[in-house]
Structure formats: structure tokens, C-alpha cells
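Coordinates in review
Below, each chain spelled out in residue letters.
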Amino acid sequence: MQPTDIKAPDYFHKVVDCQWACPAHTPVPEYIRLIAAERYADAFMVNWKSNVFPGILGRTCDRPCEPACRRGRVEEEPVAICRLKRVAADYKGNVSALMPKPAETRNGKKVALIGAGPASMTVARDLAPLGYHVVVYDGEQKAGGFMRSQIPKFRLPDEVIDEEIGYITDLGPEMRLAQRVDSLKAVLSEDYDAIFVGCGAPRGRDLPIPGREEAAANIHIGIDWLSSVSFGHIKSIGRRVIVLGGGNTAMDCCRSARRLGGDDVKVIVRSGFEEMKASPWEKEDAIHEDIPILNYLVPKEFKHDNGRLYGMTFEKVAAEYDARGRRRLVPTGEPDHFYECDDVLVAVGQENAFPWIERDIGMEFNDWGLPVLDETTFQSSVPKVFFGGDSAFGPKNIITAVAHGHQAAISIHLFCQGQDLKAERPPPMVTLASQKMGIHEWSYDNAISLDLRFKVPHRDKLAALNDIRAEVELGFDPELAFAEAQRCLNCDVETVFTDNLCIECDACVDICPVDCITFTGNGEEKDVRSRLNAPSHNYEQALYVSGPLKTGRIMAKDEDVCLHCGLCAERCPTGAWDMQRFLYDMAQASNACCSK
């Protein structure tokens with residue numbers, strides 16, 4: 001094996017598993033340490049720079065960081081990264097003085113943003129301070145997109161959206177709200193230097209099975225129904241409700257139905273419980289609110305009496321797997337299952353709809369009706385038109401939309417300045433700094449505890465179910481936040497090895513609590529992994545390999561199990577090991593150096 005090049009930006013980035021997994025690459029351990037130090041405003045700004053919506057995401061993020069968390073390899077549950085993000089937002093105080101100011105002069109370039117959801121507002125936030133005249137179009141009266149219309153208020157209060165959208169509108173974009181765009185050709189005919197499409201995936205999939213048309217009055221498309229609830233157009237629902245679908249939208253639908261009068265609400269899914277797309281905590285919250293989830297049932301028919309819906313029939317199926325592990329659902333042969341209902345909410349997926357994009361403007365679409373885009377630049381086949389968020393590659397989540405917005409803003413900035421969108425794309429900013437303050441003292445807390453994950457306080461269930469706008473999760477208080485922050489293993493503080501200082505005394509091997517360090521002969525990776533002190537099976541995470549030592553051996557450290565405790569560096573008599581803080585700062589439009 002060749003010595004590891006730790007100067008490559010992605011090597012240590014991949015070791016910081018939470019940040020690597022985050023689409024926006026938020027420096028998670030950095031802001032958690034700030035929370036532990038009660039520097040909430042600083043923690044908020046670290047988040048704001050990266051993910052733009054700390055208070056919103058601290059309540060609603062899909063949390064791709066948490067399954068990746070290194071704490072989850074030591075104990076059953078990872079650090080509550082998402083809920084700590086909310087702590088930074090809840091206790092930050094007034095951060096207006098820390099926010100960037102509107103550009104004093106315009107740079108002569110004008111950019112249209114279609115849709116005022118998370119992707120578009122991220123583009124606005126990145127481009128407005130650079131002097132761009134940013135114009136945001138949206139058909140609704142308030143900005144926020146699906147964050148405002150499809151996420152129930154008991155999960156995300158309006159005041160949180162208002163505040164965090166306000167930080168962006170304070171930067172001076174021109175907000176043309178209640179102005180729906182009906183023609184991209186018309187926008188292209190105006191004097192815009194670039195156009196960004198961030199209109200989301202606004203159409204919910206229907207379920208065309210027998211009885212659908214006849215009983216249509218009581219069958220509702222989930223995302224449309226949630227929007228009507230959000231804006232106060234719907235205030236009640238039948239007593240018996242069936243929700244079809246296994247994603248987060250289905251969980252929002254069933255929990256909203258409970259609060260609007262549904263006392264017999266059930267979720268019915270064609271897949272197994274573990275295969276549902278809904279986040280585990282969303283399913284837990286639904287079950288906690290007395291909503292059963294019934295699995296392996298395929299809808300067959302809406303039952304009605306002269307148009308009055310009274311129930312549904314389902315076919316019972318089971319999962320079978322072939323030799324390649326591919327699943328198919330097969331009927332069990334049981335009699336059809338029948339469930340009574342007064343209303344049905346259909347939440348079986350979303351898809352993009354672009355009726356307002358004319359097909360004669362030179363824009364290419366794929367077989368799924370999505371624009372053909374460059375996956376790095378987000379540029380379409382019409383050079384001045386860029387996409388992001390759900391409208392780019394289909395429905396995802398808020399944090400992915402933010403990541404798209406950052407990358408699209410870089411592309412728009414380069415495009416407007418006549419630069420090459422790929423060749424002159426700015427790299428991430430990377431720093432690596434020793435944390436040594438003394439022989440055995442570090443500038444971070446490296447004590448390893450075995451604390452179980454702390455539970456987030458919830459509103460009393462009866463009170464929560466009686467008020468659809470009452471926020472259910474109450475968030476950590478500072479004391480609980482500190483305790484949960486202490487569970488972070490500081491995996492961005494890296495173990496850095498200098499081979500020419502090593503005397504091969506094996507002190508680091510002796511003291512390592514997880515046997516992740518081995519001194520051994522070199523060889524092919526599979527061979528080296530087989531000779532480590534502890535089994536190493538995760539090829540997704542690299543081994544840290546030194547150059548040849550004095551005996552001809554190498555040092556091989558398994559990054560997959562290292563706890564970043566620093567005991568190796570404390571024990572090392574020569575300073576061959578050091579603990580160095582790695583900070584990976586994703587580039588944004590402000591980092592793009594434009595010469596033209």
C-alpha cells in the first residue's frame with residue numbers, strides 16, 4: 001500500500017462521517033463544540049453559512065448525518081445532531097450584527113429565481129451580497145415553498161420560517177410574491193443574465209384504481225391536502241381516515257388528520273415496515289399518537305355507495321427475494337382485507353410538473369420528464385437556465401435543495417462573469433491545525449463517555465392533538481444540550497502521524513482502546529486488513545498508512561473504528577502522533593475568483 005496522502009481534501013473529510021454524509025457538508029463537530037461552550041450565536045452562524053436554515057432544519061431535516069455518526073458505532077444511537085442544530089437556533093439571541101450586509105452597489109447582472117423554496121432562497125442568499133440584482137418569483141403570498149406549505153405547523157412553526165427567510169430577504173433580493181410564472185419563454189425574453197428554476201416537485205401521484213373517480217370528493221392528494229391545511233382552507237376531516245403511502249408526507253398526513261378530527265386514522269403501506277421511506281423518528285411519532293401502520297397491503301378498490309366513500313379493499317402480499325436479493329411482492333392468497341373509512345389521503349409519491357416550460361425553447365428532458373442537467377454545474381441545455389432542489393433530479397429533502405442552491409449559485413456567478421463553469425470552479429477551503437496546548441493537554445474535550453442519547457422533551461400528547469399549530473417537540477434546554485453535545489467524539493480532530501519521528505515502541509498500540517493501530521509489514525490492502533489487530537471489514541473507509549519505518553514495517557490505522565480520543569498522541573514519547581483539527585469549508589459563490 002502507498003502512504004496515505006492526508007493533504008488530499010477528501011481524505012480527512014471522509015473520516016468526519018457526519019459532515020461527509022451531509023449534502024451541504026456542514027461542519028458538525030465544530031458547531032457542537034460551540035454549543036457545549038454555550039456559544040450559541042457562533043454555532044448558529046457556522047450552520048447558517050453552510051445549511052442556511054438552522055432553525056428549520058433543526059426541526060425537519062432528514063438527518064443523513066446521524067446514521068453516519070461515529071457514536072453509533074460505539075453505542076446504539078448516534079449523537080442528536082439535528083436537535084443540537086435547533087439548540088443553536090433557539091438560544092442564539094440577536095444575530096443581525098453577524099449577518100452580511102446588502103451589497104452597496106449592483107454588479108450589473110440580473111438573475112431570476114423561479115420559486116421561493118429552499119434552493120432558490122439559497123441562491124438568493126449567495127448571490128445578493130455579490131451585487132447581483134436577484135428577482136424571486138413565487139405564486140404564494142409568502143416565501144418558503146414546500147417548507148411553509150407542506151410541513152405541518154406542529155413540526156415547523158411559521159415564525160421560524162419567517163425569521164430565517166427574513167435573513168435572506170434583508171440582503172435585498174426583489175421579492176415578486178403572488179406572481180406565478182406560467183411561461184419560461186416569457187422569462188427568457190426579459191433582460192435576465194441567468195435564470196434559476198427551483199419550483200420543487202409540485203404534483204402528488206394519484207392512485208387510479210376502481211372507485212377513484214366516483215368517490216373523488218373524499219379522496220385527497222396528500223401534498224395538496226397538507227397545503228390546504230397549512231393555509232387554513234381545510235379545518236376538519238372525517239372520523240375514519242386511511243393514509244396510503246410510507247414516506248414522510250404520509251406521516252405528516254396521518255398526524256395532521258388526527259388533529260383535525262380523525263380519531264380512527266391508520267396508515268396502510270404496500271411494503272414492509274423497515275422498507276418504508278419515512279424516517280424512523282417520523283414513524284415513531286405517528287405510532288406514539290396512536291396511529292397504526294399496516295404493512296404489505298396493496299390497494300385494490302375504493303368502495304363507495306353512489307359516490308359516498310365508505311371503505312377500501314386491499315390485497316395481502318409478501319416479499320420474496322431472488323438470488324440477487326431483488327425483492328418482489330407476491331399475493332399470499334388470503335381473502336382481501338377491507339377497512340372502513342370516511343376519507344383517504346393519497347401520499348404515494350411526488351413528481352415534477354413543468355407545463356409552464358415550453359418544449360420549443362431547446363431544453364432537453366429525460367424519459368422521466370426531468371430536465372437534462374450537468375450534475376456538477378446544474379446547467380440545462382439552455383445555457384442561461386439552471387435548476388436545483390426537487391425540480392432538478394426529483395424529490396429529495398431540504399438539505400439537498402440547499403446543497404444544490406450553493407452549487408448552482410457558483411455556476412451562475414461564473415456564467416455571468418464569462419468563466420468556465422467546471423475548470424474555474426473554486427475548491428473547498430481546508431485547514432489542519434494542531435490542538436496541542438501542552439504535553440498532555442488538548443484544546444478540546446477528549447474524554448470518552450458511554451452516555452446514552454438524551455431524549456428531546458415533547459408536549460403532552462393530549463394537548464398536542466388538540467391544537468394543530470402547537471409544536472410537538474420542545475427542544476433541548478441548555479443543560480440537556482450540553483449533555484448531548486458531550487457525546488460527540490470530535491471526529492474532525494484527526495490523528496496525524498509523522499513516520500520519521502516514530503521509534504516503533506508500540507506505546508500507541510498498547511493504549512488504544514479499540515485496537516485500531518497496527519505496526520505490520522506492507523502488502524496489498526486486503527492482505528494488510530487481514531493482519532490488523534482488530535478486524536477491518538469496512539472498505540468504504542480507508543486505512544491510514546504510513547511510509548516505511550526504520551524496521552521496514554508500516555503503521556496502519558483503521559479510520560473506521562478510531563474514536564479520536566487522543567490517547568495515542570498523549571502516550572507517544574516522540575510526538576509522532578498529533579491531534580489536529582480538520583476544517584473542511586465548502587466553497588460558495590463568494591469564493592469564486594472571477595477575472596473577467
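Going by the structure above, here's the rest.
Treat the numbers as computed from the prediction; the structure is a model and nothing was measured. (Residues numbered from 1 in each chain as written. Predicted model: local features only at pLDDT ≥ 70, side-chain atom pairs only at ≥ 80, totals over all residues. Heavy atoms only, no water.)

**Structural notes on the overall build of the chain**
When helices and strands are tallied, the chain shows 21 helices and 24 strands. A compact globule built from 596 residues should have a C-alpha radius of gyration of about 25 Å, and the chain, at 26 Å, falls within 12% of that. With 596 residues in all, the chain has 56% of them scored as buried. A separation of at least 24 residues holds for 72% of the contacts in the chain among residues at least 6 apart in sequence. (Helix = DSSP H or I, 4+ residues; strand = E, 2+ residues; numbered from the N terminus. Rg over C-alpha atoms; globule rule 2.2 N^0.38 Å. Buried < 20%, exposed > 50% of the residue type's maximum accessible area, 1.4 Å probe, protein only. Contact = heavy atoms within 4.5 Å.)

**A word on the layout of surface pockets**
Over the atoms a probe the size of a water molecule is rolled, and this reveals where empty space is left. Taken as a whole, the second largest pocket encloses approximately 530 Å³ of empty space. In terms of lining, the second largest pocket is formed by 18 residues, of which the most central are Arg63, Glu77, Trp281, Glu284 and Arg453. Looking at the lining of the second largest pocket, the elements with two or more residues in it are α6 (65–68) and α14 (280–288). With four residues, the single largest contributor to the lining of the second largest pocket is α14. Here the residues of the lining of the second largest pocket sort into seven nonpolar, one polar and ten charged. (1 Å grid on protein atoms, 1.4 Å probe; cavity = no way out; pocket = protein on both sides within 12 Å on 5 of 7 lines; lining within 4 Å. Points joined across faces, edges and corners; volume = space filled by probe spheres on them. Nonpolar A, V, L, I, M, F, W, Y, C, P; charged D, E, K, R; others polar.)

**A word on the packing of aromatic side chains**
For the coordinates displayed, the defined rule picks out 16 aromatic pairs. Each residue in the set Tyr11, Phe12, Tyr544, Phe582 and Tyr584 is aromatic and connected to the rest through ring pairs, giving one cluster. Positioned over the ring face of Phe44 is Lys92, at 5.1 Å from the centre of the ring. One cation-aromatic arrangement involves Arg529 over Tyr539; the distance from NZ or CZ to the ring centre is 4.3 Å. (Phe/Tyr/Trp six-rings, centres within 6.5 Å; stacked < 30°, edge-to-face > 60°. Lys NZ or Arg CZ within 6 Å of the ring centre and 35° of its normal.)

**What to know about the pairing of strand β2 (residues 133–138)**
In the case of a regular strand, side chains alternate between the two sheet surfaces. Counting buried positions along β2 yields six of six residues, so the element is predominantly enclosed. Residues His133, Val135 and Tyr137 of β2 are buried on one face, and the alternating residues Val134, Val136 and Asp138, pointing to the opposite face, are buried as well. Following the backbone out of strand β1 (residues 110–114), through helix α8 (residues 118–127) and into the adjacent parallel β2, one traces a crossover that is right-handed. Across four bridges, β2 lies against strand β3 (residues 174–177) in parallel orientation. Residue Val136 lies in a different strand from β3, and its bridge partner there is Met175. (Right-handed = clockwise from strand over helix to strand, strands pointing away. Pairing = 2+ DSSP bridges.)

**Describing the nonpolar core**
Counting residues in each nonpolar core, the largest one holds 65 residues, and the members touching the most others are Phe53, Leu127, Leu184, Ile357, Met363, Phe387 and Ile412. With ten residues, the top contributor of residues to this core is helix α16 (residues 398–416). Among the nonpolar cores identified, the runner-up in size contains 58 residues, and Val15, Ala485, Cys502 and Met579 belong to it. (Core = buried A, V, L, I, M, F, W, Y, C linked by side-chain atoms within 4.5 Å.)

**Some words on α16**
Taking 1.5 Å of rise per residue, 19 residues should cover 27 Å, and α16 covers 26 Å from first to last C-alpha, within 8% of that figure. Of all 19 residues in α16, 18 are buried, a share of seventy percent or more. The first or second residue beyond α16 is Gly418, which carries a positive phi of 75°. (Expected span 1.5 Å × (residues − 1).)

**Some points on empty space enclosed by the protein**
Summed over all chains, the structure comprises five cavities of 30 Å³ or more. Each pocket or cavity is described by its volume, and for the largest cavity that value is around 120 Å³. If you trace the largest cavity, you find 13 residues lining it, with Arg59, Arg83, Arg155, Asp285 and Glu473 closest to the centre. The dominant element in the lining of the largest cavity, judged by the number of residues it contributes, is α14, at three residues. In the lining of the largest cavity, the residues fall into three nonpolar, no polar and ten charged.

**Thoughts on the side chain of Arg71**
When you line up the elements, Arg71 lands in the loop between α6 and α7 (81–90). Among the residues examined, Arg71 registers a relative accessible area of 1% and is labelled buried. Reaching out from Arg71, the side chain makes a polar contact with the side chain of Glu75 at a distance of 2.3 Å. (Polar contact = N/O pair within 3.5 Å; in protein donor to acceptor, adjacent residues only side chain to side chain.)

**A word on the sheet that holds strand β20 (residues 493–497)**
Spatially, the three strands line up as an open sheet ordered β17-β24-β20, and their pairing is antiparallel. Of all the strands in the sheet, the pair left with one neighbour each is β17 (429–434) and β20. Direction aside, neighbouring strands of the sheet carry axes that sit 35° apart on average. Looking at chain direction, β17 and strand β24 (residues 577–585) are connected through six bridges and run antiparallel. (Axes fitted to C-alpha atoms, helices over the stretch in contact; angles between N-to-C directions.)

**Description of the sheet that holds strand β16 (residues 385–387)**
Ordered in space as β3-β2-β1-β4-β16, the five strands form an open sheet in which the pairing is parallel. Of all strands in the sheet, those bounded by a partner on one side alone are β3 and β16. The sheet shows a mean angle of 20° between the axes of neighbouring strands, direction not considered. Alignment of β1 against β2, held across five bridges, turns out to be parallel. The partner of Leu113 across the bridge, within β2, is Val136. Lying over the sheet, α8 contacts β1, β2, β3 and β4 (194–197), oriented at roughly 160° with respect to β1.

**Some remarks on the pattern of salt bridges**
Counted according to the given criterion, the structure contains 54 salt bridges. A salt bridge links Arg86 to Glu471; the shortest N-O distance between them is 3.2 Å. Taken together, the positions of Arg86 in helix α7 and Glu471 in the loop between α17 (461–465) and α18 (478–485) put the pair 385 residues apart, joining distant regions of the chain. What makes Arg86 buried here is its relative accessible area of 6%. (Salt bridge = Lys/Arg side-chain N within 4 Å of Asp/Glu carboxyl O.)

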